[in-house]
Amino acid sequence: MEIAKVLALSGIAMCLLGTWLVAIELVVRFQGNAYEIKTMTYRGQGTPEKTDDFSRWELHRARYMWTGLLLITLGSLAQMAAVCLTP
């Protein structure tokens, strides 16, 4: 198989996988309490703080999204290279 075809097909596969990673993380919602009030003032007001579960979920979500964006970028570059290599 020619190198251009391999680059084009692998680029399409990377873009597809990256798109799924980004889309899944946009659709999935956090289940549970995102914030909790740990300290209350004498007026009954408090400062909300992120829960540990929510912080871990945000980090996990960000990793998947950045991985997806990286795959989309690399896949697009591979497809462009395939076009340049086509005689």
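See above for the structure.
Residues numbered from 1 in each chain as written. Predicted model: local features only at pLDDT ≥ 70, side-chain atom pairs only at ≥ 80, totals over all residues. Heavy atoms only, no water.

**Q** So what's going on with the environment of Ala23? Residues and values would help.
**A** Inspection of the secondary structure puts Ala23 in helix α1 (residues 3–27). Considered as a pair, Ala23 and Gly68 are 45 residues apart in the sequence and their alpha carbons are 8.9 Å apart. (Helix = DSSP H or I, 4+ residues; strand = E, 2+ residues; numbered from the N terminus.)

**Q** Describe α1, with residues and values.
**A** The periodicity of an α-helix, 3.6 residues per turn, causes residues three or four places apart in sequence to face the same way. Between its first and last C-alpha atoms α1 spans 36 Å; for 25 residues at 1.5 Å apiece the expected length is 36 Å, and the two agree. Three or more residues of α1 are buried, namely Ala4, Gly11, Cys15, Gly18, Leu21, Val22 and Glu25. Next to the buried residues of α1 lie α2 (52–85). (Expected span 1.5 Å × (residues − 1). Buried < 20%, exposed > 50% of the residue type's maximum accessible area, 1.4 Å probe, protein only. Contact = heavy atoms within 4.5 Å.)

**Q** Provide a residue-level description of the pattern of salt bridges, including the pertinent values.
**A** One pass over the full model with this rule turns up two salt bridges. Across the salt bridge formed by Lys50 and Glu58, the nearest N and O atoms sit 2.9 Å from each other. By relative accessible area, Lys50 is classed as partly exposed at 39%. Since its relative accessible area comes to 30%, Glu58 is described here as partly exposed. Of the charged contacts, one joins Asp53 and Arg56 as a salt bridge, the two residues approaching to 2.4 Å between their closest N and O atoms. Here Asp53 and its partner Arg56 are both found in helix α2, three residues apart, which amounts to about one turn of the helix. (Salt bridge = Lys/Arg side-chain N within 4 Å of Asp/Glu carboxyl O.)

**Q** For α2, give the residues involved together with the corresponding values.
**A** With 34 residues, α2 extends 49 Å from end C-alpha to end C-alpha; this agrees with the ideal 50 Å at 1.5 Å per step. Buried within α2 are the following residues: Phe54, Trp57, Gly68, Leu71, Gly75, Ala78 and Ala82. The elements touched by buried residues of α2 are α1, β1 (35–40) and β2 (46–50).

Taken by themselves, the reported measurements are silent on function.
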